[in-house]
Amino acid sequence: MNEALELLANPWIHGFVFGAVIVTALMSVTAYITWFERKFAARLHSRMGPTMVGPKGLLQPIADGLKMIQKEDIVPRDADRLLFNAAPAITLFFALAVAAVIPFSPGLLASNLDIGVLYALAVSGLMGFPVWVGAWASNNKYALFGGMRAVAQAISYEIPMVLSALVPVVLAGSLSIGQIVEYQIEHGWFAFWPPGPGIFAFVLFMLTALAEGNRIPFDIPEAESELVAGPTTEYTGIKFGLFASAEYIHSLLASALGAALFLGGWDGPFGIPVFWMLLKTCMLFVGVTWIRWTLLRFRSDQLMALCWVYLVPGALGLLLITGLYVHVRG
Amino acid sequence: MLEQWAPAIVFLAIAFSVGFVTLFAARIMAVRAKRPSETKTLTYECGEEPAHQAWIRFHPRYYVIALVFILFDVEAAFLIPWALNVRGLGTFAMVEMFLFVAILLLGWVYALRKGALKWQ
């Protein structure tokens, strides 16, 4: 036992063990999120959702995964083969990479980078680009239009996202997510304390996270009624599956990031810390899903106007007010 | 330094391999048509034969958005060190930051009045 702990103290082995555990857990959770989302959407629509495969349809994700991996792999004749094949895997890579710095409890995190917030924002912002590469490589007009919209949306909403995530950084005076959580445990959750900027920043962060993940109401890049399937039009089988799971993982990790930065992370009144972190993440994710099945989608021009005319100056003002507050109160 | 980054590097390596391992598994497990048909690999265009390639020029508004994005992204990069140490930097830095953002907002107003942020 002691020898095992000593081995874990080695940073490389620590990274390997936690990396393997967290990545595996994320991939299996993502599979079951599809089940949850289908059931949840079905309830909102007064339907049953998946019921046939296993009790309550619980084996459905496994059946889906097996089906997707066995599908014939079709690469369009005119596509750029190398980029077309690599794009889904790289999208998944950027989606998963955010998890490296998310602390699930004091001990349960892959790496406590002292620039954690910066790293998470940078990596999650990169996810839009391999999607575009895949869309371009498909040599399909629907895919290209969808990809252009996706990347324009991703870079636009990245700015209010970064600015709103800087509010906890200003309040805690640290870029390490672990230290931000510890500061909140001492002084109160940033979503509620100090009253004012925190709650706005929290709402803004979740809103822009929705937009970054191309989820409804910001899913004009893959608007089915006009662009078939957007950037993923030409993708079949497991390659489409990789894009889809990358999107789910992105939403899930954005919820986790929101929980850690604004809702006190693993802070809870009793019990084990990791439970509270997972509970908050799940609640935020349920909220995101609920929004997805409730709202309609915005038009492209409304989307861009919302971001550039309102959110960007709003987020800047919010950050300055927070800075002023911290400066005055010390 | 290495203490922090070594786990992250290993994590990134694992995350990177997941997608490619899945693709490799799919290559082994996926079915393959014995006699692939000509039309199957045609680019999808609602059943029509695709007209020309899709690698076309697109609307300049995307370039404008990208330009404005770079402006504000650099600004965010300058804001981060300030945000990290608001307490320690004092009044001078606070005023400085208000000035900095005000100058940028001038540029934003200019772009807005020019219609660069309009999407049509």
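Counted according to the given criterion, the structure contains 16 aromatic pairs over all chains. Each ring, one from Phe84 of chain A and one from Tyr235 of chain A, has its centre 4.2 Å from the other, and the planes form 5°; the classification is stacked. One end of the pair, Phe84 of chain A, is in helix H4 (residues 81–97); the other, Tyr235 of chain A, is in the loop between helix H10 (224–227) and helix H11 (237–262), and 151 residues separate them in sequence. Considered together, Phe84 of chain A and Tyr235 of chain A belong to a single accessibility category, that of buried residues. Between Trp132 of chain A and Trp136 of chain A the ring centres are 6.4 Å apart and the planes differ by 20°, which places this aromatic pair in the stacked class. Here Trp136 of chain A and Trp132 of chain A lie together in helix H6 (residues 128–137), a separation of four residues that amounts to about one turn. An aromatic cluster is present here, built from Phe93 and Phe94 of chain A together with Phe16 and Phe20 of chain B joined pairwise through their rings.

Now for the side chain of Glu234 of chain A. Relative to the elements of secondary structure, Glu234 of chain A occurs in the loop between H10 and H11. Of note is the side chain of Glu234 of chain A, whose polar atom sits 2.8 Å from the side chain of Asn140 of chain A.

Formed by 116 residues in total, the largest nonpolar core has its most connected members in Val117 and Trp308 of chain A together with Trp82 of chain B. Broken down by element, this core gets its largest block of residues, 15 residues, from helix H7 (residues 141–172) of chain A. Ignoring anything within four residues of it in the chain, the contact list for Val117 of chain A reads Ala165, Val169, Leu175, Ile177, Ile180 and Leu261 of chain A. In this structure, Ala79, Ala87, Ala137 and Tyr235 of chain A belong to the second largest nonpolar core, which totals eight residues.

The next subject is the pattern of salt bridges. Residue and element names in this part refer to chain A. One pass over the full model with this rule turns up four salt bridges over all chains. Here Arg292 makes a salt bridge to Glu37, at a shortest N to O gap of 3.3 Å. Of this pair, Arg292 sits in helix H12 (residues 273–294) while Glu37 sits in helix H2 (residues 11–44), placing them 255 residues apart in sequence. Two residues, Lys239 and Asp73, come together in a salt bridge whose shortest N-O distance is 2.9 Å. Of this pair, Lys239 sits in helix H11 while Asp73 is found in the loop between helix H3 (60–70) and H4, placing the two residues 166 residues apart along the sequence. Taking relative accessible area as the criterion, Asp73 reaches 38% and is therefore assigned partly exposed.

Attention now goes to the confidence of the model for chain A. Do not read the predicted coordinates in detail wherever pLDDT is low. When pLDDT is averaged along chain A, the result is 85, and 98% of the positions lie at 70 or above. Across chain A, element-level confidence peaks in H4 of chain A with a mean pLDDT of 90 and bottoms out in H10 of chain A with 72.

Relative to the helices and strands, Leu105 of chain B resides in helix H3 (residues 86–114). The class of Leu105 of chain B is partly exposed, set by a relative accessible area of 27%. Measuring from C-alpha to C-alpha, the distance between Leu105 of chain B and Glu45 of chain B comes to 44 Å, with 60 residues separating the pair along the chain. The contact partners of Leu105 of chain B, leaving out residues within four places of it in the chain, are Pro313 and Leu316 of chain A.

Reading the values: the criteria
- Sequence positions are assigned chain by chain, starting from 1 and proceeding in written order.
- Chain A is the first chain written and ligand 1 is the first ligand written, with later ones labelled in order.
- At least 70 in pLDDT is required for a residue's local features to be given in this predicted model, at least 80 for side-chain atom pairs to be given and counted, and no such filter applies to totals for whole chains, interfaces and linings, which use all residues.
- Derived side-chain values reflect all non-hydrogen atoms in the structure, with water molecules and hydrogen atoms excluded from consideration.
- Only Phe, Tyr and Trp rings take part, Trp by its six-membered ring, and two of them pair if their centres are within 6.5 Å. Stacked means planes under 30 degrees apart, edge-to-face means over 60, and tilted covers everything else.
- In DSSP terms, a helix is any run of H or I states spanning at least four residues, a strand is any run of E spanning at least two, and both are numbered starting from the N terminus.
- Throughout, exposure labels follow a simple rule: accessible area from a 1.4 Å probe, protein chains only, divided by the maximum for the residue type, with under 20% read as buried, over 50% as exposed, and the rest as partly exposed.
- Polar contacts, as used here, are pairs of N or O atoms within 3.5 Å; protein pairs need one atom able to donate a hydrogen and one able to accept it. Residues neighboring in sequence count only if both atoms are side-chain atoms.
- By convention a nonpolar core is built from buried Ala, Val, Leu, Ile, Met, Phe, Trp, Tyr and Cys residues, the set being connected through side-chain atoms within 4.5 Å.
- Two residues form a contact once any of their heavy atoms are found within 4.5 Å.
- Just to be clear on terms, a salt bridge is a Lys or Arg side-chain nitrogen sitting within 4 Å of an Asp or Glu carboxyl oxygen.
- Residue-level confidence of the predictor is what pLDDT reports, using numbers from 0 through 100.

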